[in-house]
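Inside the fold
Chain by chain, the residues:
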Amino acid sequence: MENDPVVPLQRTIGKLQLRQTNDFIREGGLNSEGALASSGSNEFTKASQLTNEHVESNPDLRGTFLTGVAADDAQHLHQGIKSSSITPKHFPPLKSLQNHPNSNFPQINLQLGGANRSATMDGGANLNTNGGAAAAGGGGTTVGVQINQRHSNRRLPDFLQSVNLKYVKLGYHYLISHLLTLCLVPVMIVILIEASQMNPNDIRQLWIHLQYNLVSVIICSAVLVFGSTVYIMTRPKPVYLVDYACYRPPDHLKAPYERFMKHSRLTGDFDDSSLEFQRKILERSGLGEETYVPEAMHFVPPRPSMAAAREEAEQVMYGALDNLFTATGIKPKDIGILVVNCSLFNPTPSLSSMIVNKYKFRGNVRSFNLGGMGCSAGVIAVDLAKDLLQVHRNSYAVVVSTENITQNWYFGNKKSMLIPNCLFRVGGSAVLLSNKSVDRGRAKYKLVHVVRTHRGADDKAFRCVYQEQDPAGKTGVSLSKDLMAIAGGALKTNITTLGPLVLPISEQLLFFCTLIAKKLFNDDVKPYIPDFKLAFDHFCIHAGGRAVIDELEKNLQLLPTHVEASRMTLHRFGNTSSSSIWYELAYTESKGRMRKGHRVWQIAFGSGFKCNSAVWKALRNVKPPVNGPWEDCINKYPVELVS
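Residues numbered from 1 in each chain as written. Predicted model: local features only at pLDDT ≥ 70, side-chain atom pairs only at ≥ 80, totals over all residues. Heavy atoms only, no water.

1. Regarding the overall build of the chain
When you go through the chain residue by residue, the secondary structure sums to 22 helices and 17 strands. Counting all 643 residues of the chain, 46% fall into the buried class. Across the chain, contacts joining residues at least 24 apart in sequence account for 78% of those joining residues at least 6 apart. By element, 56% of the accessible surface of the chain is carried by carbon and sulfur atoms, the whole surface being about 32,700 Å². (Helix = DSSP H or I, 4+ residues; strand = E, 2+ residues; numbered from the N terminus. Buried < 20%, exposed > 50% of the residue type's maximum accessible area, 1.4 Å probe, protein only. Contact = heavy atoms within 4.5 Å. Areas by Shrake-Rupley, 256 points an atom, 1.4 Å probe, with all protein chains shown as cover.)

2. What to know about a nonpolar patch on the surface
Residues M198, I203, L206, W207, L210, L214, V217 and I218 make up a contiguous nonpolar surface patch of roughly 770 Å² in combined accessible area. Breaking the nonpolar patch down by element, the ones donating at least two residues are α9 (200-211) and α10 (214-234). The element best represented in the nonpolar patch is α9, accounting for 4 residues. Structurally, I203 is set in helix α9. (Patch = residues over 30% accessible without salt bridge, like charges linked within 9 Å, V, L, I, M, F, W, Y side chains within 5 Å. Salt bridge = Lys/Arg side-chain N within 4 Å of Asp/Glu carboxyl O.)

3. What about the sheet that holds strand β15 (residues 538-541)?
In spatial order, the strands read β9-β8-β10-β11-β7-β12-β17-β16-β15; together these 9 strands make up an open sheet with mixed pairing. The two strands at the open ends of the sheet, each matched to only one other strand, are β9 (366-370) and β15. Between one strand axis and the next, the sheet turns by 20° as a mean value, whatever way the strands run. Pairing between strand β8 (residues 335-341) and strand β10 (residues 396-402): 6 bridges, direction parallel. (Pairing = 2+ DSSP bridges. Axes fitted to C-alpha atoms, helices over the stretch in contact; angles between N-to-C directions.)

4. Points about the environment of Y528
In this structure, Y528 sits in the loop between α19 (505-520) and β15. In this structure the C-alpha to C-alpha distance between Y528 and E507, which are 21 residues apart in sequence, comes to 9.0 Å.

5. With respect to the nonpolar core
Residues I355, L433, W582 and W616 are the most contacted members of the largest nonpolar core, which totals 91 residues. When residues of this core are assigned to their parent elements, the largest contribution, 10 residues, is made by helix α13 (residues 306-328). Leaving out residues up to four positions away in the same chain, I355 has contacts with M317, Y318, L321, L338, V340, K360, F361 and V400. Membership of the second largest hydrophobic core comes to 32 residues, among which are L287, L503, F536 and V563. (Core = buried A, V, L, I, M, F, W, Y, C linked by side-chain atoms within 4.5 Å.)

6. Examining the packing of helix α11 (residues 257-267) against helix α12 (residues 272-285)
One can describe the packing of α11 onto α12 by two numbers: an axis separation of 11 Å at closest approach and a directional angle of 165°. As far as their axial angle goes, α12 and α11 are roughly antiparallel. Remark: the crossing between α11 and α12 carries right-handed chirality. Here Y257, F260, M261, S264 and R265 of α11 lie close against α12, whose contacting residues are L275, Q278, R279, L282 and S285. Residue classes in the contact of α11 with α12 are distributed as 5 nonpolar, 3 polar and 2 charged. (Parallel < 35°, antiparallel > 145°, perpendicular 65-115°, else oblique. Left-handed = near helix turned anticlockwise from the far one by under 90°. Nonpolar A, V, L, I, M, F, W, Y, C, P; charged D, E, K, R; others polar.)

7. Looking at helix α20 (residues 546-555)
Along α20, the residues classified as buried are R546, V548, I549, L552 and E553. One face of α20 carries all of its buried residues, which in axial projection span an arc of 165°. Backbone geometry just downstream of α20 places Q557 in the positive-phi region, at approximately 55°. (Arc of directions from axis to C-beta.)

8. Re the pairing of strand β12 (residues 445-454)
Regular strands show a simple pattern: their side chains alternate between the two faces of the sheet. Looking at chain direction, strand β7 (residues 240-246) and β12 are connected through 2 bridges and run antiparallel. Note that in β12 the partner of Y240 across the bridge is K446. Sheet analysis places β12 next to strand β17 (residues 610-618), joined by 9 bridges and oriented antiparallel. Opposite K446, over in β17, you have K617 as the bridge partner.

9. Points about the packing of aromatic side chains
Here the structure, examined in full by the defined rule, presents 18 aromatic pairs. Pairing F462 with Y466 gives two aromatic rings, centres 6.1 Å apart and planes at 70°, and the pair type is edge-to-face. Taking relative accessible area as the criterion, F462 reaches 43% and is therefore assigned partly exposed. What makes Y466 partly exposed here is its relative accessible area of 26%. Measuring from ring centre to ring centre gives 6.0 Å for F539 and W601, while their planes differ by 55°; the resulting arrangement is tilted. Separated by 62 residues along the polypeptide, F539 in strand β15 and W601 in strand β16 (residues 599-606) bring together distant segments of the chain. Just as F539 is buried, W601 falls in that class too. (Phe/Tyr/Trp six-rings, centres within 6.5 Å; stacked < 30°, edge-to-face > 60°.)

10. Section: the side chain of H598
Tracing the backbone through its elements, the reader meets H598 in the loop between α22 (580-590) and β16. Here the side chain of H598 touches H538 through a polar contact of 2.9 Å, side chain to side chain. Setting aside anything within four residues of it in sequence, one finds H598 in contact with D537, H538, R593, W616, K617 and A618. (Polar contact = N/O pair within 3.5 Å; in protein donor to acceptor, adjacent residues only side chain to side chain.)

11. Some thoughts on unusual backbone geometry
For the peptide bond that leads from V300 to P301, omega is -5°, which places it in the cis range. By the secondary structure assignment, P301 is in the loop between α12 and α13. For the bond from T348 to P349, the omega torsion is -5°, close enough to zero to count as cis. Turning to its location among the elements, P349 is positioned in the loop between β8 and α14 (351-359). We note that K360 has phi near 60°; this positive angle belongs to a residue other than glycine.

12. A closer look at the pattern of salt bridges
Taken as a whole and assessed by the stated rule, the structure comprises 19 salt bridges. K414 is the salt-bridge partner of E468, the closest N and O atoms lying 3.3 Å from each other. Placement of the pair is E468 in strand β13 (residues 465-469) and K414 in the loop between β10 and α16 (415-423), with a sequence separation of 54 residues. Between E553 and R567 there is a salt bridge, with its nearest N and O atoms 2.6 Å apart. Note that E553 is positioned in helix α20 and R567 in helix α21 (residues 564-573), a separation of 14 residues in sequence. Because the salt bridges share partners, they merge into one network encompassing D251, K254, E290, R572 and K636.

13. Focus: the packing of α13 against α14
Running from N to C, α13 and α14 cross one another at 55°; their axes reach a closest spacing of 11 Å. Classified by the interaxial angle, the pair formed by α13 and α14 is oblique. Read as a crossing pair, α13 and α14 show a hand that is right-handed. Of α14, the residues touching α13 (which contributes R310, A313, E314, M317, Y318, L321, D322 and F325) are L351, M354, I355, K358 and Y359. Partitioned by chemical class, the residues of the contact of α13 with α14 number 9 nonpolar, no polar and 4 charged.

So this is what it looks like as structure tokens:
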């Protein structure tokens, strides 16, 4: 048995960690887990007696794949089989010998009978197949292996193959970001050295010199005091986010898929095509089974009315404000500024007046009611409150964001107007802002930037989200097919403005250099996409729909964890319009991920067309909120979404 040439080769196969999977070989795959093994040259020499019959009768040898073979083993293997009579059909792995990523192989030239063929292998090795070899052992084509030792002494791996370039980029980022510090360190060292060499006599001479130049000292001191005063008086006052609250509707308002579709059929307003369209939208929307619709929509037929719309607004706004006042301990009479935004429901008296009446705000409260500004109005309201806080000292501002569905449900059959029915759900938020320095200690966040972009001058952008009547006279909000393209253009404009404010200098230099190269040298140069992950730790992307989140994840090169809050908010609460970014922030806090110094980017899109961004900085480690919207379900998330 020991004289059988198959036995030593099988032993060699075991040592070399061969894999016997024909499919794997045909796909040209590599098993990077193959362990390195050394084998005696005597066994490879005995393998020279191998014939086609041996390979054909031993499945363990057919279709096996050599992995993890060291360079010396490759030489021994060559010595053993270069004179054998096996055909490439029976020993296909040989031609892939050099491809293991963890090995440094010499150059191999493989001569196979048949047509001339050549291929370049990884690491610079060339594989040449040429005809002309003599048949042996029954007329089969012979295999000859010739090894070129030109690179066999090179043991260093290919830098581009073995080094992850993201770490090089990260190091470059740190270097550039701290460039000013690195330049100032030598200067400070020189100053300290010079100061340490001064003796008491040198200090006395400096004092005498200043005494005889009293006018210069007074002028310099006056300029210094005046400049400091102007800076302190004109610098923007910091705006702190003390706390916020999101409304969680009662369970009886939940609208699972089946109930939603059942009620849609029973209303009698939708034809079969519209019902099927709504079903498909629901399945692909990313919404879950626990979103909420208003009370009036749970009746058959629905009961939309002014009274029902007011009731919905009161439940949402008062529910969020009650939680906010309870959490912060602030009395309603302490509020100096009130901003309410709701796009589609604007009764008289206004929603802000409803709040003033309910909570008995003081008579000089500055109240504002924003209407018709779409899903991005929450950021607009924060920006308005910020500007008011710059003028009115020691004030509290409350921002209430909501949307009203009761009177804006569409009962027609126009497809573009049916989409809001499937996406929009009940929700609202209340945010407490302050410019009082004493609130810094208990505040959660500090407002860093607000950037607003308005594309209303373009007709397509203006009409892409448009409230109108269909041919049957039924009112609804129509969504254009160009919505995503218009949103992309608005986002591009917004981040072009926001980028220089938040991106590290390293990213700005890379972007600027590629832009110059594209303009001057080659129009084919791809523009550099700044890495916003270096500027922000958390992303709150408006949960307008699955497509919106997908596009931003792709275009901003974000990771699934960065858009997790947006996807889970869409799944749990649906599109709650301008308040969705606060549900997303609450998700991040409920997961215990918010740490001191983290930066949050809230970005929202709205009719008009608008794209608005708000940047917040965490002032402390934020604990999961008590009585928050995710309190009863956060442990179930994230959930796996069906594609």
